[in-house]
Amino acid sequence: MISYQADGVELPKIKHREITAWIKAVAKTYRRRVGDIGYMFVDDEKILEVNNQYLGHDYYTDIITFDYDEGDMISGDLVISLDTVRSNAELFGKNYADELNRVIIHGVLHLCGINDKGPGEREIMEAHEEKALALLKEMRAQG
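Fair warning: this is a prediction, and the values are worked out from it, not measured in the lab.

S.K.: Looking at this model, I keep getting lost on the confidence of the model for the protein chain. Mind explaining?
M.R.: Detailed reading of the predicted coordinates is not advisable wherever pLDDT falls low. Looking at the protein chain as a whole, the pLDDT averages 95, with 100% of positions reaching at least 70. Ranking the helices and strands of the protein chain by mean pLDDT puts strand 2 (residues 33–42) first, with 98, and helix 5 (residues 121–142) last, with 95.

S.K.: So what exactly am I meant to see when it comes to the environment of His110 here?
M.R.: Looking at where His110 falls in the secondary structure, it is placed in helix 4 (residues 96–111). Placed 62 residues apart in sequence, His110 and Leu48 show a C-alpha to C-alpha distance of 20 Å. In contact with His110, other than residues within four places in its own chain, are Thr65, Asp67, Asn115, Asp116 and Met125.

S.K.: How do you make sense of the pairing of strand 3 (residues 63–67) when you look at a structure like this?
M.R.: Strand residues, when the strand is regular, have side chains that alternate between the two faces of the sheet. Across five bridges, strand 3 lies against strand 4 (residues 73–81) in antiparallel orientation. Among the inter-strand pairings, Ile64 is bridged to a residue of strand 4, identified as Val79. Between strand 3 and the antiparallel strand that follows it, strand 4, lie five residues; Gly71 among them carries a positive phi value of about 60°.

S.K.: Whenever I open this one, the pattern of salt bridges confuses me. Can you help?
M.R.: Applying the stated criterion to the full structure yields nine salt bridges. Across the pair Asp69 and Arg32 runs a salt bridge, and its minimum N-O distance is 3.9 Å. You can see Asp69 sitting in the loop between strand 3 and strand 4 and its partner Arg32 sitting in the loop between helix 1 (16–29) and strand 2, a full 37 residues away along the chain. For Asp69, a relative accessible area of 23% corresponds to the partly exposed category. In this structure, Asp62 and Arg102 form a salt bridge, with 3.2 Å as the shortest nitrogen-oxygen distance. Of this pair, Asp62 sits in the loop between helix 2 (44–55) and strand 3 while Arg102 sits in helix 4, placing them 40 residues apart in sequence. Of the two residues, Asp62 and Arg102, neither departs from the other in class, the shared state being buried.

What counts and what doesn't
- Residues numbered from 1 in each chain as written.
- Predicted model: local features only at pLDDT ≥ 70, side-chain atom pairs only at ≥ 80, totals over all residues.
- Heavy atoms only, no water.
- pLDDT = per-residue confidence, 0-100.
- Helix = DSSP H or I, 4+ residues; strand = E, 2+ residues; numbered from the N terminus.
- Contact = heavy atoms within 4.5 Å.
- Pairing = 2+ DSSP bridges.
- Salt bridge = Lys/Arg side-chain N within 4 Å of Asp/Glu carboxyl O.
- Buried < 20%, exposed > 50% of the residue type's maximum accessible area, 1.4 Å probe, protein only.

Written out as structure tokens, the structure reads:
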């Protein structure tokens, strides 16, 4: 089950059924099944608090992924700062909705085993994000 909640912000206007189907389709491309994934949308102050409390990091970020995978079943809690998503969209000249989708799937890609912290890994992650976003466009085109 995939759930979408907000804490201190308005829940973003995303099509839950469409995004859920997309997440499952992306997971399937990595031979993974979707277990329980919980999205929590927050503001910058809340993500800073979570980053500090659970990871010991004193900086803002767009997403924090808590991975509870078991075997081929992906599960986790994904905390997304809508403030940082908005800032990054402006900074990189992207559409807010597109940037939000990128961040939503970024967490799922982490759950599927794609990393972005080591040498060369960021480029690999970006390639996987682009592939996943193309799948979303394809799904939308098929209606």
